[in-house]
Amino acid sequence: MRDSAKRAPRQKPPPAAAHFSAAPAIAEEAALWLAYLARERRASRHTLDAYGRDLSAFLVFLTEHFGAPPDEAALKALAPADLRAFLAKRRNDGLESRSLLRALAAARNFLRFLEKKGLARTDFFNAVRPPKRPHSLPKALAVADARDVIDPEQRAGEAREPWIIARDAAVMALLYGAGLRISEALSIARADAPIGAADRVAILGKGGKTRTVPVIAPVRAAIEAYLALCPYNLSGGPLFVGARGGPLSPRIVQLAMQRLRGALGLPESATPHALRHSFATHLLGKGGDLRTIQELLGHASLSTTQIYTAVDKARLLDAYRQAHPRAD
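Residue positions are given per chain, counting from 1 as you read along its sequence in written order. Selection of residues for local features in this predicted model requires a pLDDT of at least 70, selection of side-chain atom pairs for listing and counting requires 80 or more, and totals for whole chains, interfaces and linings are taken over all residues. The basis for the side-chain values is all heavy atoms of the structure; hydrogens and waters are excluded.

K.L.:
Explain the overall build of the chain here, please?
P.N.:
In DSSP terms, a helix is any run of H or I states spanning at least four residues, a strand is any run of E spanning at least two, and both are numbered starting from the N terminus. Looking only at helices and strands, the chain features 14 helices and 2 strands. Put simply, the chain has 328 residues, and 41% of those count as buried. Of the contacts formed within the chain by residues at least 6 apart in sequence, a portion of 61% connects residues at least 24 apart. Relative accessibility thresholds used throughout: buried, under 20% of the residue-type maximum; exposed, over 50%; partly exposed, between the two (1.4 Å probe, protein chains only). In this description, contact between two residues means that some pair of their heavy atoms is separated by no more than 4.5 Å.

K.L.:
Any chance you could explain the confidence of the model for the chain here in plain terms?
P.N.:
Detail in the predicted coordinates should be disregarded across regions flagged by low pLDDT. As a per-residue measure, pLDDT tells how confident the predictor is, with possible values from 0 to 100. Counting all residues, the mean pLDDT for the chain is 83, and 81% of those residues have values of 70 or more. Ranking the helices and strands of the chain by mean pLDDT puts helix α3 (residues 72-76) first, with 96, and helix α14 (residues 307-323) last, with 50. Below pLDDT 50 for its whole length, residues 1-11 participates in 2 contacts with residues either more than four positions away or in separate chains.

K.L.:
Mind showing me how you'd approach the pattern of salt bridges here?
P.N.:
A side chain of one charge can pair with a side chain of the opposite charge if their charged atoms are brought near each other. One speaks of a salt bridge when a side-chain nitrogen belonging to Lys or Arg is within 4 Å of a carboxyl oxygen belonging to Asp or Glu. A full pass over the atoms with the stated rule returns 13 salt bridges. For E29, the salt bridge goes to K117, with nearest N and O atoms at 2.7 Å. Taken together, the residues E29 in helix α1 (residues 24-39) and K117 in the loop between α5 (97-115) and α6 (143-149) connect sequence positions 88 residues apart. We classify E29 as buried; its relative accessible area is 11%. In this structure, R181 engages E184 in a salt bridge whose closest nitrogen and oxygen atoms are separated by 2.4 Å. E184 matches R181 in its accessibility class, with the two residues each being buried. Via salt bridges that share partners, K89, R90 and D93 belong to a single interconnected network.

K.L.:
How should helix α9 (residues 217-229) be read in this particular structure?
P.N.:
A turn of α-helix holds 3.6 residues, and therefore any two residues three or four places apart point the same way. For a helix, the expected span equals 1.5 Å multiplied by the number of residues minus one. With 13 residues, α9 should reach 18 Å at 1.5 Å per residue; the first-to-last C-alpha distance of 19 Å fits that figure. Among all positions of α9, only V219, R220, A222, I223, Y226 and L227 are buried. The arc enclosing the buried residues of α9, seen along the axis, measures out at 155 degrees, which places them on a common side. For α9, the exposed residues set more than 90 degrees away from the buried face come down to P218 and A228. Contacts from the buried residues of α9 go to α7 (162-178). As used here, the arc belongs to the directions running from the helix axis to the C-beta atoms.

K.L.:
Looking at this model, I keep getting lost on the UniProt feature "active site" (unreviewed entry) in the chain. Mind explaining?
P.N.:
UniProt positions are given in the numbering used here, feature names are shortened, and annotations may be inferred rather than shown by experiment. Feature annotation in UniProt places "active site" (unreviewed entry) on R181, K206, H273, R276, H299 and Y308, given in this structure's numbering. Examined against the element boundaries, R276 turns out to sit in helix α11 (residues 272-285).

K.L.:
Explanation requested: the nonpolar core in the structure shown.
P.N.:
A general tendency of soluble globular proteins is for nonpolar side chains to be buried together. Residues L141, L174, L180, Y226 and F240 are the most contacted members of the largest nonpolar core, which totals 45 residues. Secondary structure elements with two or more residues in this core: α6, α7, α8 (182-186), β1 (200-204), α9, α10 (250-264) and α11. Among the elements that line this core, the one with the most residues is α7, at 11 residues. Counting residues in each nonpolar core, the second largest holds 35 residues, with A27, Y51, L62 and L87 among its members. To qualify as a nonpolar core, a set must consist of buried Ala, Val, Leu, Ile, Met, Phe, Trp, Tyr and Cys residues joined through side-chain atoms within 4.5 Å.

K.L.:
Help me out: how do you make sense of the packing of aromatic side chains in this one?
P.N.:
Any aromatic ring pair is given by two values, namely how distant the centres are and how the planes are angled relative to each other. Pairing of aromatic side chains requires ring centres within 6.5 Å, counting the rings of Phe and Tyr and the six-membered ring of Trp. Pairs whose planes differ by under 30 degrees are stacked, by over 60 edge-to-face, and all others tilted. Counted under the stated rule, the structure contains 9 aromatic pairs. Ring geometry for F58 versus F86: centroids 5.0 Å apart, planes at 75 degrees, classification edge-to-face. In this pair, F58 sits in helix α2 (residues 45-66) while F86 sits in helix α4 (residues 80-92), placing the two residues 28 residues apart along the sequence. This pair shows no difference in class: F58 is buried, exactly as F86 is. The interplanar angle of 55 degrees and the centroid separation of 5.6 Å between the aromatic rings of F61 and F86 together place this pair among those described as tilted. Of the two residues, F61 is situated in helix α2 and F86 in helix α4; the sequence distance between them amounts to 25 residues. Per residue, the accessibility class of F61 equals that of F86, and both read buried. Grouping aromatic residues by their ring pairs yields a cluster made of W163, Y226, Y232 and F240.

K.L.:
Quick question: what am I supposed to make of the side chain of R90 here?
P.N.:
Tracing the backbone shows R90 in helix α4. On the basis of relative accessibility, which here comes to 16%, the residue R90 falls in the buried class. Beyond its immediate stretch of four places on either side in the chain, R90 contacts A57, L95 and L100.

K.L.:
I would appreciate a short explanation of the packing of α4 against α5 in the present structure.
P.N.:
In a pair of packed helices, the angle between the axes and the distance between the axes together describe the arrangement. For the pair α4 and α5, the least separation of the axes is 10 Å and the interaxial angle reads 140 degrees. The hand of the α4/α5 crossing is right-handed. Residues L83, F86, L87, R90 and R91 of α4 form the contact with α5, whose own contacting residues are S97, L100, A103 and L104. Residue classes follow a fixed rule: Ala, Val, Leu, Ile, Met, Phe, Trp, Tyr, Cys and Pro count as nonpolar, while Asp, Glu, Lys and Arg count as charged, and any other residue, Gly among them, counts as polar. Broken down by class, the residue content of the contact of α4 with α5 amounts to 6 nonpolar, 1 polar and 2 charged. Lines fitted to C-alpha atoms define the axes here, with helix axes fitted over just the stretch in contact, and angles between the N-to-C directions of these axes take values from 0 to 180 degrees. Here a crossing is called left-handed whenever its near helix is offset anticlockwise from the far helix by less than a right angle, and right-handed whenever the offset is clockwise.

K.L.:
Explanation requested: the environment of A263 in the structure shown.
P.N.:
For A263, the location among the structural elements is in helix α10. Sequence spacing of A263 and Q154 is 109 residues, and the spatial spacing of their C-alpha atoms is 8.1 Å.

K.L.:
Honestly, the packing of α7 against α11 in this entry has me stumped. Any pointers?
P.N.:
Interhelical geometry of α7 versus α11 gives an angle of 30 degrees and a closest axis separation of 6 Å. Compared by their axis directions, α7 and α11 come out roughly parallel. Residues M172, L175, Y176, G177 and A178 of α7 touch α11, and the partners they reach there are P272, L275, R276, S278, F279 and H282. Looking at side-chain class alone, the contact of α7 with α11 contains 7 nonpolar, 3 polar and 1 charged residues. Oblique is the label for any angle not under 35 degrees, not over 145, and not in the 65 to 115 range, which are roughly parallel, roughly antiparallel and roughly perpendicular in turn.

The structure is reproduced here in structure tokens:
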């Protein structure tokens, strides 16, 4: 008997060579590059889709720029002016700095892949100034608001089954209490659930890197409350399941947060991912060590974590302006 409801969704493969506007050998290498990112680098589906679009746009530009699909000779002849023309074209297409930086990274990554095979060169990238990275600070919730979000009592009036409300509260408790991404929280298996004396959980994060994250008692209690109410047998499967017993979709968590925003009067910036930002910002505000916070978040670079120092300074300055009698 077919059971399509419980079957895991099949991911579509990376684009085939025919998808790319390039000489046959280069188009084949483009498909191999995306397959390499998926297999060896364990890139997410979202990253593969974005890089595939960026590379396709790059190769289409080169085809129009040179008047023919780019081959090995064309790629080896690329100069800084060609790259600047590509960035200008994408800027005119409406791409903002963040998307331009990703497009530049995709082109560089692909050409490095080819360079190892003697099919391209990348030294000209050093002569091109990349677009400025936008200065957007993550927006953390206030401590009281974060606590309300993970409190199932705040949703007591909703016409939803108690186990679903408890499930959503447990997921959000992991985001705020352990600093996890949604994908990381939903990837936890039932057998690995941090409950009882198990006060930590191993997480497979970005880039296929595993880190161990401590789980505080209130978060473990939220997971235990969910498990006590969940009507499904979760053995051998994921910790968090949807209404029909299949793997829980991140979209369901986002919708739950959307309902909470309305009920609690929170801004649009109050998203599930903002709970992860809040975890880092609140730890830093309490004197947490930046290097430790980096390890807890799974950031590859300390510079990524350092953005939270700016968030904390902004919060302190705002409090100063509101409270100090001479701040006007």
